[in-house]
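Here's the letter readout for the chains.
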Amino acid sequence: MKIQKILFICLISSFTFATSNLFAQDSTAVKPQGPWKKEGKIGANLSNVGLVNWAGGGTSSYSFGGTFIYKLSRETDNAITRIHTDMAYGMINQSESTFPMKKTDDQLIIGFDYSYKWKKKFLFTAAIDFRSQFDKGYEYKTEDIPDPSDPSKTIKQETETQISAFMAPGYLNANIGITYTPAKWIYATYSPVANRMTFVADTVFSEKYGLNAGEKFRDQTGMNFKLGIKKEIVKNVALTSTYNMFAQYDRLGEWVVNWDLLIDMKVNNWLSCNFGTQLIYDPDVQVNKDDNTTGQAIQFKHALNIGIVYTLHQKKDKKEKKK
């Protein structure tokens, strides 16, 4: 593994040196570097259900959540540089539950990529991204246990089991490859040199996330494929999709898949509605399934959010400026 790390670091260094030299050679023929383009959104949503003597049954609850998305990008005649972060956190309170406060969303993503323009639609790309979560994650189950007042009967009991935490797991991905952009709204990147590092700060979860017992770190070298789409379907409705596949070279029959899909619907400058899904398949992650078995499985999450959104660095319409 040490040889693989040294080789990967050398390749990253060679790529950076080569692209910087190419840029320097052409610097007299290109325009000065423009300013960074900045985009950002801060969102908050809240919901509440209150039931009093409600014959139809149900549980009173309230939920809240927040998102923060920020992107920096700069494009010259020769290269494109991007930095982005995507954070989200949400909780729900169910008053009648044994554990009333439960986490519903938790995401921390930070990424950087640099692309050198090789041909009209082809770019050399180096990218790094980090993924983890902010808080501890728990799994909840309801089991039948003997009633203390009458052992011949059973009662329902909710249990809580911790299954994750900050940097348990954490992932750091580094890739070098070629990006093809047939249109402005779609791109595909194939990286024959890719490195996937898994961190598990608490060894209690090592085996759950594919590491050997007691291990805190795993390093995998392989190939990566990424397909990205960002397009306005109709006015004020945008689709963003990122599909990513990674396979270790000595396990090419087993792919790690991560697919994020977001449909963002802008109501006005302050109100927004979005529907997002995430699909994950990792052959090394042991999932507790609904049938009470543990093993490989497709993980799927979806979320519908309606709430207030504040857009950073928002440009005013020309009509508003004239007024």
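Residues numbered from 1 in each chain as written. Predicted model: local features only at pLDDT ≥ 70, side-chain atom pairs only at ≥ 80, totals over all residues. Heavy atoms only, no water.

**Brief notes about the overall build of the protein**
Regarding its fold elements, the protein presents two helices and 16 strands. For the protein, the residues scored as buried account for 33% of the 323 residues in total. A sequence separation of at least 24 residues applies to 56% of the contacts in the protein between residues at least 6 apart. (Helix = DSSP H or I, 4+ residues; strand = E, 2+ residues; numbered from the N terminus. Buried < 20%, exposed > 50% of the residue type's maximum accessible area, 1.4 Å probe, protein only. Contact = heavy atoms within 4.5 Å.)

**Quick notes on the pattern of salt bridges**
Between side chains of opposite charge, a pair can form as their charged atoms come close. Summed over the entire model, instances satisfying the criterion amount to 13 salt bridges. Across the pair Lys-102 and Glu-158 runs a salt bridge whose closest N-O atoms are separated by 3.3 Å. One end of the pair, Lys-102, is in strand β4 (residues 101–117); the other, Glu-158, is in strand β7 (residues 150–164), and 56 residues separate them in sequence. By the burial criterion, Lys-102 is buried, and Glu-158 matches it. Between Asp-260 and Arg-131 there is a salt bridge; the shortest N-O distance is 3.9 Å. With Asp-260 in strand β12 (residues 255–266) and Arg-131 in strand β5 (residues 122–132), this residue pair connects regions lying 129 residues apart in the sequence. Take Arg-131: its relative accessible area is 23%, and that puts it in the partly exposed class. Connected through salt bridges with shared partners, the residues Arg-218, Arg-251, Glu-254 and Asp-284 form a single ionic network. (Salt bridge = Lys/Arg side-chain N within 4 Å of Asp/Glu carboxyl O.)

**Regarding the nonpolar core**
By size, the foremost hydrophobic cluster in this structure holds 10 residues: Ala-165, Ala-168, Tyr-171, Val-200, Phe-205, Tyr-209, Leu-211, Val-285, Val-287 and Ala-297. Not counting chain neighbours up to four residues away, the residues in contact with Val-285 comprise Tyr-171, Lys-208, Tyr-209, Gly-295, Gln-296 and Gln-299. (Core = buried A, V, L, I, M, F, W, Y, C linked by side-chain atoms within 4.5 Å.)

**Looking at the sheet that holds strand β10 (residues 217–234)**
Two modes of strand pairing occur in sheets, parallel and antiparallel, and in both the strands are linked by backbone hydrogen bonds. Ordered by their spatial adjacency, 12 strands build a closed barrel running β1-β2-β3-β4-β5-β8-β9-β10-β11-β12-β13-β16, and the pairing between neighbours is antiparallel. When strand polarity is set aside, the average angle formed by the axes of neighbouring strands in this sheet is 20 degrees. As paired strands, β5 and strand β8 (residues 170–183) are joined by 10 bridges and run antiparallel to one another. Pairing of Phe-122 across the sheet is with Tyr-180, part of β8. (Pairing = 2+ DSSP bridges. Axes fitted to C-alpha atoms, helices over the stretch in contact; angles between N-to-C directions.)

**Remarks on the packing of aromatic side chains**
The tally for this structure, following the rule as stated, stands at nine aromatic pairs. With centroids separated by 6.2 Å and ring planes inclined at 70 degrees, the aromatic side chains of Trp-118 and Phe-122 adopt a geometry described as edge-to-face. Judged by its relative accessible area of 44%, Trp-118 is partly exposed. Their ring planes at 45 degrees and their centres at 6.5 Å tell us that Tyr-138 and Tyr-140 sit as a pair that is tilted. (Phe/Tyr/Trp six-rings, centres within 6.5 Å; stacked < 30°, edge-to-face > 60°.)

**Details of the environment of Phe-134**
Relative to the helices and strands, Phe-134 resides in the loop between β5 and β6 (137–147). When near neighbours in sequence (up to four residues on either side) are disregarded, Phe-134 contacts Met-87, Ala-88, Asp-106, Gln-107, Leu-108 and Phe-166.

**Observations concerning the pairing of β4**
A regular strand places its side chains so that they alternate between the two faces of the sheet. Of the strand pairs in this sheet, strand β3 (residues 79–94) and β4 are connected by 15 bridges, and their pairing is antiparallel. Each bridged residue has a counterpart across the sheet, and for Met-87 the counterpart in β4 is Leu-108. Hairpin connection between β4 and β5: a loop of four residues separates the two successive antiparallel strands.

**Observations regarding a nonpolar patch on the surface**
A surface patch of nonpolar side chains, about 450 Å² in accessible area, is lined by Val-267, Leu-271, Phe-275, Leu-304 and Ile-306. Those elements giving two or more residues to the nonpolar patch turn out to be β13 (271–281) and β16 (299–312). Positionally, Leu-304 belongs in strand β16. Leu-304 gets classed as exposed once you look at its relative accessible area, which sits at 55%. (Patch = residues over 30% accessible without salt bridge, like charges linked within 9 Å, V, L, I, M, F, W, Y side chains within 5 Å. Areas by Shrake-Rupley, 256 points an atom, 1.4 Å probe, with all protein chains shown as cover.)

Distances and angles like these do not, on their own, reveal function.
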